[in-house]
Each structure stands twice: as C-alpha cells, then as structure tokens.
Amino acid sequence: MTDQPRDAIGQVWEGVVATARRTAAEGLVVGTSGNVSARAGDVVLVTPSGVPYDRLGPEDAVGVDLDGHQVLGSLAPTSELPLHLAVYRATSAAAVVHTHAVHATAVSTLVTEVPAVHYATALLGGPVRTAAYARYGTPELAAHMLDALRDRTGCLLRNHGTVTYGDTLDQAYERTAQLEWLCRLWLTASSVPGHRPSLLSPAQLRDVQDALESYGQPG
C-alpha cells in the first residue's frame, strides 16, 4: 500500500476527475475514451477503464505504483496504463492527459509532424511529432510515444489521438488544448484551395522559446 497521506491522495484524485470531466465537456473525448493521470508521491492516480467520468466519486480512486501494481481501489485502471507509466518513468511529469481530440486525430493520419503554423508550437517544445501506430494499451504504443516525445511535452498518436504531460494537471491539460488548437488551425489554413500556409522557421521558434522564459507574472 501507499505511504501517501489519504488527504493528499484525495486531493490529487479530485484533480484527475475534474480534468477528465473537462476533456469531455470541451469535446476532446467522447464517452469513456481518453484518460488522465497524476502522481501523488510514489502513486499514480489514473482514471479507470470504461467508467463515465460523471459517475466517478472519491470512493472510485484508482492508484498504481510505477511498476503498474495496483495499490489503491477496486476498479481496473485504464487500458492505456502502459502509456501513462512510460511517461512517468522517462520524464519528470506530474500529470498526463490522453485524448481523442478530433482535429489532432485527423492530423495524425496526415503528417509525421504538425507543421509550425503558429508560435504556440514552441509551448510544446517544438514541432509536435506523430508516433507510429500501434494498438491501444500495448507496450509498442508506449515505446512509439516515447520516441515522439523526445524533447517535447506532447505528441500525436497515429490514427489515435494525443498525449501531453506537465508539472501540473492544469499544465498538461492546457498543452492538450493548445495541440488541438494548432491542429485545427493548420487544417483550416491548408484547406483553402490554391494556397499553402506559411510556416515558422526553426530560428523563429527558438526566438519564441527564448521569449517564453520571461513570459507571465514575475515569481
């Protein structure tokens, strides 16, 4: 069992459920597709498999350790557990969001990298790659995802959806929303007959990344 305080576990679980409900409310998932997780010390709290988010309560918390052994709850964790655990093992992530966002999934069928049509690309570490296809829930998919996430905080999964991570659930979610917006923007611009979207150069993106270091409120 986990040594984490029950109130800490409860707070993180509330955040996981709230974020999962947000993905549904904002159209990034349909039904029980997609999944959300967050770390609480040595425990990864993750949405359960096949349960509508609006039915989840405090008693439905699902937790596993980094080896995938269930240490909390009676519901089975999401089938995408290998994907989530791979991110936590390979990065300093505190939260992971996986969706089937429509525009991003559409783009995943078209390109190996999301074209740099807007400087928001820099918010994800650079041009977002598309991971090679593998069936959901498999170690192969997790491995392909890690390749695509190299030096990035988000990627597309071919013919599947998106994965983003962050230092908080809010940050992971916002990166998902930005990725979906970028994909929608590119699809819209590239659909105009006789025109091709202008793209930002690597140097222009680096300039944005430098500027982002001082973005926001001091402290």
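This text goes with the structure placed above it.
Our subject in this report is the structure included herewith. (Residues numbered from 1 in each chain as written. Predicted model: local features only at pLDDT ≥ 70, side-chain atom pairs only at ≥ 80, totals over all residues. Heavy atoms only, no water.)

1. A look at helix 4 (residues 139–149)
Okay, so step 1: By the burial criterion, the buried members of helix 4 are L141, A142, M145, A148 and L149. Axial view of helix 4: buried residues confined to an arc of 120°, hence all on one face.
Okay, so step 2: Those residues of helix 4 hidden inside the fold are in contact with helix 2 (81–90), strand 6 (130–131), strand 7 (154–157) and strand 8 (161–166).
Okay, so step 3: A positive backbone phi angle near 60° is found at D151, which sits one or two residues after helix 4. (Buried < 20%, exposed > 50% of the residue type's maximum accessible area, 1.4 Å probe, protein only. Helix = DSSP H or I, 4+ residues; strand = E, 2+ residues; numbered from the N terminus. Arc of directions from axis to C-beta. Contact = heavy atoms within 4.5 Å.)

2. Section: the pattern of salt bridges
Okay, so step 1: One pass over the full model with this rule turns up two salt bridges.
Okay, so step 2: With a closest N to O distance of 3.4 Å, E26 and R22 form a salt bridge.
Okay, so step 3: On the accessibility criterion, E26 (47% relative accessible area) is partly exposed.
Okay, so step 4: Judged by its relative accessible area of 29%, R22 falls in the partly exposed class.
Okay, so step 5: Close ionic contact of R22 with E174 constitutes a salt bridge, the shortest N to O distance being 2.9 Å. Within this pair, whereas R22 is found in helix 1 (residues 6–25), its partner E174 is found in helix 5 (residues 169–190), the two being separated by 152 residues in sequence.
Okay, so step 6: Each of R22, E26 and E174 takes part in a single network of salt bridges with overlapping partners. (Salt bridge = Lys/Arg side-chain N within 4 Å of Asp/Glu carboxyl O.)

3. Digging into the pairing of strand 7
Okay, so step 1: Covered by surrounding structure in strand 7 are G154 and L156 together with C155 and L157, the residues of both alternating faces.
Okay, so step 2: Bridge count for strand 6 against strand 7 is two bridges, and the pairing is parallel. Across the sheet, residue A131 finds its bridge partner in strand 7, namely L157.
Okay, so step 3: With helix 4 bridging strand 6 and the parallel strand 7, this β-α-β connection has right-handed handedness.
Okay, so step 4: Summarising the sheet, strand 7 and strand 8 pair through four bridges and their orientation is antiparallel. Paired with L157 across the strands is G161, a residue of strand 8.
Okay, so step 5: From the end of strand 7 to the start of strand 8, which pair antiparallel, there are three residues, and N159 there has a positive phi angle of about 55°. (Pairing = 2+ DSSP bridges. Right-handed = clockwise from strand over helix to strand, strands pointing away.)

4. So, the side chain of D60
Okay, so step 1: Here D60 is to be found in the loop between strand 2 (43–46) and strand 3 (63–64).
Okay, so step 2: Contact partners of D60, with chain neighbours within four places excluded, come to W13, R55 and L75.

5. Points about the packing of aromatic side chains
Okay, so step 1: For the structure on display, the rule yields zero aromatic pairs.
Okay, so step 2: Over the aromatic face of Y136 sits the side chain of R135, whose NZ or CZ is 5.5 Å from the ring centroid. (Phe/Tyr/Trp six-rings, centres within 6.5 Å; stacked < 30°, edge-to-face > 60°. Lys NZ or Arg CZ within 6 Å of the ring centre and 35° of its normal.)

6. Remarks on unusual backbone geometry
Okay, so step 1: Its identity as a non-glycine residue notwithstanding, D151 has a phi of 60°, on the positive side.
Okay, so step 2: Residue placement: D151 occurs in the loop between helix 4 and strand 7.
Okay, so step 3: A positive phi is found at N159, a non-glycine position, where the angle reads about 55°.
Okay, so step 4: Within the fold, N159 resides in the loop between strand 7 and strand 8.
Okay, so step 5: Accessibility expressed as a relative area gives 47% for N159, which makes it partly exposed.

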